[in-house]
Amino acid sequence: LPVSPEPIGAVAFFAVQPNPAQDVFWVNFSLQEKADICVEIRDVAGKSIETQRLESLIVGAHQLEFNAATWQPGVYFVAIRDGNGAVLTRKMVKF
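Here is a short report on the structure shown in this document. The structure presented is a predicted model; accordingly, all values stated were derived computationally and were not measured. (Residues numbered from 1 in each chain as written. Predicted model: local features only at pLDDT ≥ 70, side-chain atom pairs only at ≥ 80, totals over all residues. Heavy atoms only, no water.)

### So, the overall build of the protein chain
Tallying secondary structure elements over the protein chain gives zero helices and seven strands in all. What you see for the protein chain is a C-alpha radius of gyration of 13 Å, in line with the 12 Å of a compact globule of 95 residues. Taken along its principal axes, the extent of the C-alpha atoms in the protein chain is 35 × 20 × 20 Å. Across the 95 residues of the protein chain, 41% fall into the buried class. A fraction of 55% describes how many contacts in the protein chain between residues 6 or more apart in sequence connect residues 24 or more apart. Carbon and sulfur atoms make up 52% of the accessible area of the protein chain, which amounts to about 5,200 Å² in all. Here the protein chain carries 8 positive and 10 negative side-chain charges, and the mean point of each set is 6 Å from the other. (Helix = DSSP H or I, 4+ residues; strand = E, 2+ residues; numbered from the N terminus. Rg over C-alpha atoms; globule rule 2.2 N^0.38 Å. Buried < 20%, exposed > 50% of the residue type's maximum accessible area, 1.4 Å probe, protein only. Contact = heavy atoms within 4.5 Å. Areas by Shrake-Rupley, 256 points an atom, 1.4 Å probe, with all protein chains shown as cover. Lys, Arg positive; Asp, Glu negative; His and termini not counted. Charge placed at Lys NZ, Arg CZ, Asp CG, Glu CD.)

### Points about the pattern of salt bridges
In the structure shown here, the tally under the stated rule is one salt bridge. Residue Glu-40 pairs with Arg-42 through a salt bridge whose shortest N-O separation is 3.1 Å. (Salt bridge = Lys/Arg side-chain N within 4 Å of Asp/Glu carboxyl O.)

### Remarks on the environment of Phe-14
By the secondary structure assignment, Phe-14 is in strand S1 (residues 11–17). What makes Phe-14 buried here is its relative accessible area of 2%. For the pair formed by Phe-14 and Ser-30, sequence separation is 16 residues and the distance between their alpha carbons is 6.8 Å.

### Considering the sheet that holds S1
Strand order in the open sheet made by the three strands is S1-S2-S5, with antiparallel pairing throughout. Two strands in the sheet have a free side with no partner beyond their single neighbour: S1 and strand S5 (60–67). Across this sheet, the average inter-strand angle for adjacent strands is 15 degrees, counted without regard to direction. Note that S1 and strand S2 (residues 24–31) share six bridges and pair antiparallel. Bridging across to S2, Phe-14 finds its partner in Phe-29. (Pairing = 2+ DSSP bridges. Axes fitted to C-alpha atoms, helices over the stretch in contact; angles between N-to-C directions.)

### A closer look at the nonpolar core
Here is a general trend for soluble globular proteins: nonpolar side chains tend to be buried in one another's company. Grouped together as the largest cluster of nonpolar side chains are 23 residues, with contacts concentrated most on Phe-25, Val-27, Ile-37 and Val-78. Secondary structure elements with two or more residues in this core: S1, S2, strand S3 (35–43), S5, strand S6 (74–82) and strand S7 (87–94). (Core = buried A, V, L, I, M, F, W, Y, C linked by side-chain atoms within 4.5 Å.)

### Thoughts on the packing of aromatic side chains
Across all of its chains, the model carries three aromatic pairs by this definition. Relative to Trp-71, the ring of Phe-25 lies with its centre 5.7 Å away and its plane at 65 degrees, an arrangement referred to as edge-to-face. Separated by 46 residues along the polypeptide, Phe-25 in strand S2 and Trp-71 in the loop between S5 and S6 bring together distant segments of the chain. With relative accessibility at 0%, the residue Phe-25 sits in the buried group. Classification of Trp-71 by relative accessible area gives buried; the value is 10%. An aromatic cluster is built from Phe-25, Phe-66, Trp-71 and Tyr-76, whose rings are joined through pairwise contacts. (Phe/Tyr/Trp six-rings, centres within 6.5 Å; stacked < 30°, edge-to-face > 60°.)

Laid out in structure tokens, this is it:
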């Protein structure tokens, strides 16, 4: 997944913190309009590791928590997609 500039579609802001992460990390984002959102994490081979789908989120700031304690150390890609298909991607390092 390529890293994309922001904002795109409904997403006005998107960050992964902390980065790098050891166990728990957060996906922080804000919406500029009400939207369905899908957050997907993939490894460097493109294998989907985890997906969260959220429907009808309101305008404003949101935070999702992910537990990476059982994941192998390495590089992962975190993608956020709105209901219209617009995608933003961030690289995340798990140590």
